[in-house]
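# Structural features, examined
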Amino acid sequence: MVRVDRDLRDWLRGLAVQPEKRNGERGKLSREGAEYLERIATDGTLKAALEEIGATEPDLSG
Amino acid sequence: MILVDEYAALPALVDMPPATLADESLALTYSRAYRLTRALLDPRPGRLEIRGRFTRLAEALTATDRQLLHERLADPDPAVLTIVDPRSLIRTAAAIQNTYAVSLLQAETLAAAVTHDWAIRFGDHGSLSAPVRQAADELRLDLAVIEP
């Protein structure tokens, strides 16, 4: 018998982003958060992560 | 509309687009949005607690920033970034992948550019493989790599 992992199921359901539930104006990331994401997009950090995905899943490479 | 890769899309999503694209409406294919989301997925307790490179990227953000980032990835402001609907591109992408030695991700990018007549601007030279360059040349696509 398979045991239902409710924590996993609830977490996965919670990941879905439902735009209609968004309350009006879009939130703005903190300056520190935005600068961090801008930096990792250009300093090779994001590139290493994307290449790691592509290395195991060829159709997500490039 | 300018079609971009993840390296140009991510700064744009947080209101820090590359200078050369600052006044442009940007588009990102579904598979690139998916790959970017995977790279930035935050960990949770239990058996999904993956401690790889992917999770560490998002761990530097506050919980609020992580939530805002994923809301923007899933539903970006159309004035900033559009996630391209992949359905109308399936046949074109399939034909491109049958013609050139490219991945599904690359084929979808080329298909979107061909179908919508959009220019492509990559934020990293790694996005421009030789087969992608060949396809872009033979299909007369406007493709370039921008400097950050």
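Residues numbered from 1 in each chain as written. Chains lettered and ligands numbered in written order. Predicted model: local features only at pLDDT ≥ 70, side-chain atom pairs only at ≥ 80, totals over all residues.

### Brief notes about the overall build of chain A
- In terms of helices and strands, chain A carries three helices and zero strands.
- Secondary structure of chain A in N-to-C order comes out as α-α-α.
- Oriented by its inertia axes, the alpha-carbon framework of chain A measures out at about 45 × 40 × 20 Å.
- Counting across all 62 residues of chain A, residues that qualify as buried make up 18%. (Helix = DSSP H or I, 4+ residues; strand = E, 2+ residues; numbered from the N terminus. Buried ≥ 20, exposed ≤ 12 C-beta atoms within 10 Å, placed from the backbone.)

### A few points about the overall build of chain B
- Along the backbone of chain B there are seven helices and five strands.
- Ordered by position from N to C terminus, the α and β elements of chain B give β-α-β-α-α-α-β-α-α-β-α-β.
- The buried share of chain B, taken over its 148 residues, is 40%.
- Residue pairs in contact within chain B that sit at least 24 positions apart in sequence constitute 62% of those at least 6 positions apart. (Contact = placed C-beta atoms within 7 Å.)

### Digging into the pairing of strand S4 (residues 119-122) of chain B
Residues and elements named next belong to chain B.
- Of the pairings in the sheet, the one linking strand S1 (residues 2-4) to S4 comprises three bridges and is parallel in character. Looking at the pairing, Leu3 lines up with Ile120 of S4.
- With three bridges connecting them, S4 and strand S5 (residues 143-145) associate as parallel partners. The partner of Ile120 across the bridge, within S5, is Leu143.
- Crossover connection from S4 via helix H7 (residues 130-138) to parallel S5: handedness right-handed. (Pairing = 2+ DSSP bridges. Right-handed = clockwise from strand over helix to strand, strands pointing away.)

### Structural notes on the sheet that holds S4(B)
All names here are of chain B.
- Reading across from one edge, S3-S2-S1-S4-S5 is the order of the five strands in this open sheet, with parallel pairing throughout. With partners counted over all chains shown, the strands left at the sheet margins are strand S3 (81-84) and S5, one partner each. Strand-to-strand, the axes of this sheet are offset by a mean angle of 30 degrees, without reference to chain direction.
- Sitting on the sheet, helix H1 (residues 6-13) touches S1, strand S2 (26-29), S3 and S4, and the angle it makes with S2 is about 125 degrees.
- Lying over the sheet, helix H2 (residues 30-39) contacts S2 and S3, oriented at roughly 80 degrees with respect to S2. (Axes fitted to C-alpha atoms, helices over the stretch in contact; angles between N-to-C directions.)

### Remarks on the nonpolar core
- Counting residues in each nonpolar core, the largest one holds 49 residues, and the members touching the most others are Leu46(A), Ala9(B), Leu10(B), Leu26(B), Leu28(B), Leu110(B) and Ala112(B).
- Here the element with the most residues in this core is helix H6 (residues 104-116) of chain B; it accounts for seven residues.
- Dropping the residues within four chain positions of it, Leu10(B) is found in contact with Leu37(A), Ala41(A), Leu46(A) and Leu36(B). (Core = buried A, V, L, I, M, F, W, Y, C linked by C-beta atoms within 7 Å.)

### Some remarks on the environment of Asp23(B)
- Note on placement: Asp23(B) falls in the loop between H1 and S2.
- Along the chain, Asp23(B) and Val80(B) lie 57 residues apart, while their C-alpha atoms are 9.2 Å from each other.

### Some remarks on the confidence of the model for chain A
- Of the residues in chain A, 90% reach a pLDDT of 70 or more, and the chain-wide mean stands at 85.
- In the model of chain A, helix H1 (residues 6-15) of chain A stands out as the element of lowest mean pLDDT, 78, in contrast to helix H2 (residues 31-42) of chain A, which has the highest, 96. (pLDDT = per-residue confidence, 0-100.)

### A closer look at the environment of Thr92(B)
Residue and element names in this part refer to chain B.
- Topologically, Thr92 is positioned in helix H5 (residues 90-99).
- Taking the C-beta count within 10 Å as the criterion, Thr92 has 17 such neighbours and is therefore assigned partly exposed.
- As for Thr92 and His70, which are separated by 22 residues in sequence, their C-alpha atoms are 29 Å apart.
- Ignoring any residue separated from it by four or fewer positions in sequence, one finds Thr92 in contact with Ala111, Val114 and Thr115.

### Details of H1(B)
- Extensive coverage of H1(B) is indicated by the burial of eight of its eight residues.
- Of the positions making up H1(B), those classed as buried are Glu6(B), Tyr7(B), Ala8(B), Ala9(B), Leu10(B), Pro11(B), Ala12(B) and Leu13(B).

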